[in-house]
Amino acid sequence: MLSRREDFRDILEERRTSSDLSHALKSFTRVSSRASPPCSVSTLNKTVLESQHLHYIMQEVSKDTGEPLEAIREEAAGILEEMSQNLQLGYIRFLGFILSKVFKRLFRKINVNEEGLQRLQQAMQESPVVLMPNHRSYVDFLVLSYLLFTYDLSIPVIAAGIPLMGMQLIGEILRRSGAFFIRRSIGTDKLYWAVLSEYVKTILRKDFAPVEFYVEGLRSRTLKSLPPKLGMMHMVLEPFFKGEVYDISLVPISISYDRVVEESLLAYEILGVPKPKETTMGLLKARKVMDEDYGNMHVCFGHPLSVRDLAKGKVNRKQYNLIPRDLPMKPSESIHAFANTTAHLVLRLQQDNMVLSPWSLMATILMQNLGGINLKLLTKQTVWLKWLVLDFGALVDWPVQVADSEVMSSGLSLHHSVVRCEGDQVLLAEQKPQRGAAPEEAVFRRAVAVLMCASYRNQALHVLASPAMLSVALSLAAASSRADIYNLYAFLREMFYNEFIFIPDRTGQDFEEACSLLQKCGTVQIINQNIMVTDKGLSVTSFLTAAVEPFIDAYQVIFRYICSRSVQEFTEKQFISGIRTFTLNLILTGEVKSYDVLSSETQKNALASLVRLNALTKKKREEQTYFSPNKAAIGRTADILGKKNSKIMCRLGRNSSCCVTEAPVMPVEQDSPAPITFIS
Amino acid sequence: MMGRGTAVGSRSGMASDRSGYGRQRAARQRLEVISGHLGRQEASGACEGRQADDVHRNAVPRRRQDVLKWNGWGFRDSKFLFNKKGLAELTGKRYQLSGTLMPGLKDWFEGTFGANLQHRSPAVPALNPSVVPPPNLHAAFVEALKEATIPCTHEPEDRVFHSHGHCLHEIFALREGKIGRVPDLVVWPGCHADVVRIVELACQHNVCLIPYGGGTSVSSALQCPLEESRCIISVDTSQMNRILWIDEKNLTAHVEAGIIGQDLERLLREHGYCTGHEPDSMEFSSLGGWVATRASGMKKNVYGNIEDLVVHIKMVTPCGVMEKSCQGPRISAGPDIHHFILGSEGTLGVVTEVTLKIRPFPEYRKYGSVVFPSFEQGVSCLREVAKQRCAPASIRLMDNAQFHFGHALRPQTSMFMSFLDGLKKFYITKFKGFDPQRLCVATLLFEGDQNHVLNQEQQVYDIAAQFGGLAAGEDNGQRGYLLTFIIAYLRDLGMEYYVIGESFETSVPWDRVLDLCRNVKERIERECKDRGVQFPPLSTCRVTQIYDAGACVYFYFAFNYRGLSDPMRLYEQVEHSAREEILASGGSLSHHHGVGKLRKQWMQETISKVGLGMLRSVKEHLDPQNIFGNRNLL
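Keep in mind it's a predicted model, so treat the numbers as computed, not measured.

**Quick look at the overall build of chain B**
Moving on, step 1. Secondary structure summary: chain B contains 20 helices and 21 strands in total.
Moving on, step 2. Split into buried and exposed, the 634 residues of chain B put 62% on the buried side.
Moving on, step 3. In chain B, once contacts between residues fewer than 6 apart in sequence are set aside, the share between residues at least 24 apart is 78%.
Moving on, step 4. As presented, chain B carries roughly 24,900 Å² of accessible surface, and 52% of it is formed by carbon and sulfur atoms.

Here's what the structure looks like:
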């Protein structure tokens, strides 16, 4: 059931009824009416190597290193060779055939919004296109090419991490399916940057193919959006700024999974157990994942964004007029801000089109009931949450004409790896530690279970984040004055900037939106310049507060750790191992309940926030980055956040006595029939 | 500006140029120096120049409306029309194309604009004098003028004629019979002394002067400022049109600034000389106007632009007369004061006399053309020609749309010729594989002594071949240049059928030429679409001049406005966007059209606040009363 309508069509349906081979061999006509005829891969690479920009850089590098230009040129050619894709339709067909088989085995449905594909087709005819999907699974990697092939649209070239290339055979197949490979840590390698950016820009300038890249940079282990990486963003925007193309379309694409194929690895990875290296053997061994059921996948193509429209009034393209356009140049502040805002906007739009599964709503409830919850209550609260997120504008894949209880049990059984039922209690599926293992081992196992569940909560978190920040602000505020609440909201937004992805410079707008969402569902009243939680709204605000509480708690622990006496100056590595020990102790003593604090993602986000808030200073020494804390500032931050604990507690206490009205009220254990009453 | 007919007037007869050189040499002997009796009059007495209209000498008379259209381009006897069979023809006898039938134009016109010959948008038939606001005359000033015996008038027709240039919005308004603020008085000084007197009187009586040369401005420069409450006097320089002397030792000529291009060239030619300055408007535009707008001529590669041609300028300002003391070919004595005058657009004074470089009339002239598979390759070729500095007198590259346009203007030909054309077409598109929807054409004009021309020709064609260019014959080249001078007449034709159009230009560094062309054309198309223009507009460009470091690009933009409520506003919005796009793509505000009032808003960002301040302080110093109150530029 989707209240914001987006019509999806299951593309596997046809695959299940007709031949995969004829699908793979179908006639394919690339839809592109743009003027110049397509060029070959070798012409493309030649253009890159002969470009003026690369020439400048090679001269610079040669001067810096003292190596002859010829050697540098060869190095550049080597980099390009390593990087370059070699897109061939034949391989796409081959892959299409394989993927048809794989997808049918893994998924019940692959739902696609065809209208989005039509918009994409239109965009492709008008300007070079950049496909910007979110990245939650390795499966993302080729699903778009598969879809575009199916729908006769230009096959994209895809920015991939170099480890994929290392896989025997697979690397080459991917390369011929359009993947180009980027080293993980480029750092300050000038030549590498130059080859890469020239490569990407040439593809766009020549409109060789759509460029696909993950603006998050990495696969998100938390299933939450990651703060954007701007390197590629700059590269794809620049041809527009410099007038080399009329416009560029950015297409946010949201890929949502009922169940993520690599779910069992995620928790380990965020707990710091390194992910297995990508190898072909590893892939073959992973065959057993093929026997599992991963439910539905949704691919939602968003509205193409015209960079030209976005940049109107924000970027003055004349800034390039006085310098040769090929000359290497640091992006100006306005350009940088624009790239940053645009990347955040794309992430936000990705989030808006994510399709929430009933399961991720369940996981959100479960996370607030880690000790287990009665199935009936879970059902009620999940249904309640469904209405809330629909009110907040989310897309939810809730089957129509199916009893809620059935939806629930289907979700629970699909996720048997995360939850189990004991009688009518729903509990996290936790592996029992081996006998005689250290108590830390138990915490670790518990953490794996909780964080796995948390990942699925995270799939829905973006819908709740901004209203939740408002709810927390409401609970922290001493009075109900709008200005106070706004300030707190803005503070929290800054604090959790990387955690929940907010668009820069939109605090005011986001605040208004959050207010109107809560107002719409009767949670708050806005009278004069005061914002007040209504009696019946309390259950909503406390639910929302509780949804983000693990993060608040985690940050508090991190602040406490940094402020502790032993900590002076540290590297990220030192910090992560230090905080781990510190937290482990706190969990063992029962002082801390949040497991999110064990997540290396949360830890890094907190660091980044402190740097943003100038409570940490970053220094570079001998190729190492050191952080030195301003403990007073961190202490103050912790105080503001901390004030909340007592209050939230007392409100939660009151929670149980609130009555049901027309506003969505969280069903609670008393489980009384819900009489609809109207306020007179 | 929108086409300025290259003067292939019947009398200048450029097509027959190759033969006449020897005869001219004799004439040159005969007319050593006209200077003697012509150059002597001083600022004191009456003007010799103030004589009855010499119709034999001047292509354009004092009462311009007798010969020129009051609400369109060019001569009254020359206009395009579709005859009963739907064949286009140019009436009159003035032009090479006059009287020939162009069978392809109707289809092109209807196909390109979605226009229909059944749907007409005719102009009001004649000027209704009663809609012209009564003149706001300054009695004492008029009296003083009469005393000085300088001819003037406040006839409505003359005043209306002097109230506009040839911007689309100006002509569109006239066609609709809408008359706005017009000058209150038109005055015809006959010589430098007359101008000195007029300016003195204007200062004395605090009236506003607007210099008027050929009236071919396309920057709203001649429009009377609405906020001007003083009496506005249009100073028409057309009667100051003599060559005062020719200096054959130094190859210079001293000429009154009101002379129009075709007369100047014709008169010089009688002595075996030319200036070689041929802006597209040269049939009508004046020497003073060229100086005031920093004009550029088609053949600048051989002769230079106006700033290269000028040796000496005399200008009357409210502060007095400004000129240099000698004719040294280059002077290092502070910033060149000529450059305050060049491009001043009538805001500082009236240019009265100019000493220009002249050249012997060229012995040999040859047209040529090259077809390229794509515009990109054409631009690369032009860039290489510029690099090797072997540019012919003129080299222009038309894009594909203009190629088709040019094709539509081909005259009716015999069976044999069209068979031959068919063969050529077959060769280029089928045998050579050029895509008819992508190919483009460069037109060439070589001028000079025969050997030099032939060598240069070879070099250019060799370069063209490197970029996939195929020589496409002299005829195609010549026809390409015809397009230039008749296009303004064609605009009037379009306006009869709900099609309006305009042109604008810019200059841009080489590396941005292609990007700028693509972006501006696309911007025009998208803006039109977004604003509800039903049929896609004609949005086309050509590279018309090349320089060491860049090129001049010229755009045409036209669309069918039938069914649109306010076509002029829409047009202005699109043109504004196009200019924004030009500036954002690294192009200049203008290459040679100037700023006027149309592009004033971009002056500060173009020359910086400080630069603007410098210009303002010059204006302040020379003209504190704002006598030259056309409010252009600043």
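**As for the pattern of salt bridges**
Moving on, step 1. A full pass over the atoms with the stated rule returns 74 salt bridges over all chains.
Moving on, step 2. Residue Lys26(A) is joined to Asp152(A) by a salt bridge in which the shortest nitrogen-to-oxygen separation is 3.0 Å. Here Lys26(A), found in the loop between helix H2 (20-24) and helix H3 (41-49), pairs with Asp152(A), found in the loop between helix H8 (140-150) and strand S4 (157-161); they are 126 residues apart in sequence, far enough to count as distant.
Moving on, step 3. Residue class for Lys26(A) comes out buried when judged on its relative accessible area of 18%.
Moving on, step 4. In this structure, Asp515(B) and Arg518(B) form a salt bridge, with 2.9 Å as the shortest nitrogen-oxygen distance. In this pair, Asp515(B) and Arg518(B) both sit in helix H18 (residues 513-530), three residues apart, roughly one turn of the helix.
Moving on, step 5. Judged by its relative accessible area of 12%, Asp515(B) falls in the buried class.
Moving on, step 6. Classification of Arg518(B) as partly exposed rests on a relative accessible area of 30%.
Moving on, step 7. One network of salt bridges, with partners in common, ties together Arg308(A), Arg317(A), Arg523(B), Glu527(B), Arg531(B) and Glu581(B).

**Describing the UniProt feature "domain: Phospholipid/glycerol acyltransferase" (unreviewed entry) in chain A**
Moving on, step 1. UniProt marks residues 129-258 of chain A with the feature "domain: Phospholipid/glycerol acyltransferase" (unreviewed entry), using the numbering shown here.
Moving on, step 2. Helix makes up 38% of residues 129-258 of chain A and strand 19%, and the two end C-alpha atoms of the span are 28 Å apart.

**What to know about the UniProt feature "transmembrane region" (unreviewed entry) in chain A**
Moving on, step 1. On the UniProt side, "transmembrane region" (unreviewed entry) is annotated at positions that read residues 141-166 of chain A here.
Moving on, step 2. This span, residues 141-166 of chain A, is 54% helix and 19% strand, and a straight line between its end C-alpha atoms measures 16 Å.

**Some remarks on the packing of helix H21 (residues 482-495) of chain A against helix H23 (residues 507-520) of chain A**
Residues and elements named next belong to chain A.
Moving on, step 1. With their axes 10 Å apart at the nearest point, H21 and H23 run at an angle of 115° to one another. The angle between H21 and H23 falls in the class roughly perpendicular. Taken as a pair, H21 and H23 cross one another with a handedness that is right-handed. When H21 is examined against H23, the residues Arg-482, Ile-485, Tyr-486, Tyr-489, Ala-490 and Arg-493 are found in contact with a partner set consisting of Thr-507, Gly-508, Asp-510, Phe-511, Glu-512 and Ala-514.

**Examining the sheet that holds strand S21 (residues 550-560) of chain B**
Residue and element names in this part refer to chain B.
Moving on, step 1. Spatially, S18-S15-S17-S16-S20-S21-S19 is the arrangement adopted by the seven strands of the open sheet, whose pairing is antiparallel. Pairing within the sheet leaves two strands with one partner each, and these edge strands are strand S18 (470-471) and strand S19 (499-509).
Moving on, step 2. Note that strand S16 (residues 394-398) and strand S17 (residues 440-448) share five bridges and pair antiparallel. Within S17, the position partnered with Ser-394 by the bridge is Leu-445.
Moving on, step 3. Sheet strands in contact with H18 are S19, strand S20 (538-546) and S21, and its direction is about 15° off that of S21.

**Notes on helix H12 (residues 231-241) of chain A**
Residues and elements named next belong to chain A.
Moving on, step 1. Of all 11 residues that make up H12, 10 are buried, and the element is covered over most of its length.
Moving on, step 2. Residues Met-232, Met-233, His-234, Met-235, Val-236, Leu-237, Glu-238, Pro-239, Phe-240 and Phe-241 constitute the buried set of H12.
Moving on, step 3. Where H12 terminates, the next one or two residues include Gly-243, which has phi positive at roughly 75°.

**Quick notes on the packing of aromatic side chains**
Moving on, step 1. The full count for this structure, using the stated rule, is 37 aromatic pairs over all chains.
Moving on, step 2. Here Phe496(A) and Tyr555(A) contribute two aromatic rings whose centre-to-centre distance is 4.6 Å and whose plane-to-plane angle is 50°, an arrangement assigned as tilted. With Phe496(A) in the loop between H21 and helix H22 (497-500) and Tyr555(A) in helix H24 (residues 538-563), the pair connects residues that are 59 residues apart, well separated along the chain.
Moving on, step 3. Residue classification places Phe496(A) among the buried positions, given a relative accessible area of 0%.
Moving on, step 4. The class for Tyr555(A) is buried, based on a relative accessible area of 0%.
Moving on, step 5. Look at Tyr95(B) and Phe485(B): their rings are 5.2 Å apart centre to centre, the planes differ by 25°, and that puts the pair in the stacked class.

**Examining the pairing of S19(B)**
Residue and element names in this part refer to chain B.
Moving on, step 1. Most of S19 is tucked away: nine of the 11 residues are buried.
Moving on, step 2. Where S19 and S21 come together, 11 bridges link them in antiparallel fashion. Along S21, the bridge assignment pairs Gly-501 with Ala-558.

**Examining the nonpolar core**
Residue and element names in this part refer to chain A.
Moving on, step 1. One finds Phe-107, Leu-120, Val-299, Phe-301 and Phe-496 to be the most contacted residues of the largest nonpolar core, which totals 154 residues.
Moving on, step 2. No other element matches the 22 residues that helix H20 (residues 439-476) contributes to this core.
Moving on, step 3. If sequence neighbours within four positions are ignored, Phe-301 has contacts with Val-112, Asn-113, Gly-116, Leu-117, Arg-119, Leu-120, Leu-144, Leu-147, Leu-148, Pro-252 and Ile-253.

**Observations regarding the side chain of Lys242(A)**
Moving on, step 1. Here Lys242(A) is to be found in the loop between H12 and strand S7 (249-257).
Moving on, step 2. Side-chain polar atoms of Lys242(A) contact the backbone oxygen of Arg325(A), separated by 2.6 Å.

**What to know about the interface of chain A and chain B**
Moving on, step 1. The interface is formed by 17 residues belonging to chain A together with 17 residues belonging to chain B.
Moving on, step 2. When the two sides are added together, the surface that chain A and chain B hide from each other amounts to roughly 1,400 Å², 34% of it contributed by carbon and sulfur.
Moving on, step 3. Contact with chain B buries area across many residues of chain A, yet Tyr246(A), Lys318(A) and Arg325(A) alone supply 44% of it, more than any other trio.
Moving on, step 4. Scanning the region where chain A abuts chain B turns up five salt bridges.
Moving on, step 5. A salt bridge links Arg325(A) to Asp511(B); the shortest N-O distance between them is 3.7 Å.
Moving on, step 6. At the surface where chain A touches chain B, the tally comes to 13 residue pairs in polar contact (both at pLDDT 80 or more).
Moving on, step 7. Its residues assigned to classes, the side of chain A that touches chain B comprises seven nonpolar, three polar and seven charged.

**Examining the packing of helix H4 (residues 52-65) of chain A against helix H11 (residues 190-205) of chain A**
Residue and element names in this part refer to chain A.
Moving on, step 1. The contact between H4 and H11 brings their axes to 10 Å, and the two run at 175°. Relative to H11, the element H4 lies roughly antiparallel. On H11, the residues touching His-53, Leu-54, Ile-57, Met-58, Glu-60, Val-61 and Asp-64 of H4 are Lys-190, Leu-191, Ala-194, Val-195, Ser-197 and Glu-198.
Moving on, step 2. Per-class residue counts for the contact of H4 with H11 are seven nonpolar, two polar and four charged.

What counts and what doesn't
Residues numbered from 1 in each chain as written. Chains lettered and ligands numbered in written order. Predicted model: local features only at pLDDT ≥ 70, side-chain atom pairs only at ≥ 80, totals over all residues. Heavy atoms only, no water. Helix = DSSP H or I, 4+ residues; strand = E, 2+ residues; numbered from the N terminus. Buried < 20%, exposed > 50% of the residue type's maximum accessible area, 1.4 Å probe, protein only. Contact = heavy atoms within 4.5 Å. Areas by Shrake-Rupley, 256 points an atom, 1.4 Å probe, with all protein chains shown as cover. Salt bridge = Lys/Arg side-chain N within 4 Å of Asp/Glu carboxyl O. UniProt positions renumbered as here; feature names shortened; annotations may be inferred. Axes fitted to C-alpha atoms, helices over the stretch in contact; angles between N-to-C directions. Parallel < 35°, antiparallel > 145°, perpendicular 65-115°, else oblique. Left-handed = near helix turned anticlockwise from the far one by under 90°. Pairing = 2+ DSSP bridges. Phe/Tyr/Trp six-rings, centres within 6.5 Å; stacked < 30°, edge-to-face > 60°. Core = buried A, V, L, I, M, F, W, Y, C linked by side-chain atoms within 4.5 Å. Polar contact = N/O pair within 3.5 Å; in protein donor to acceptor, adjacent residues only side chain to side chain. Buried area = accessible area lost by both parts, 1.4 Å probe. Nonpolar A, V, L, I, M, F, W, Y, C, P; charged D, E, K, R; others polar.

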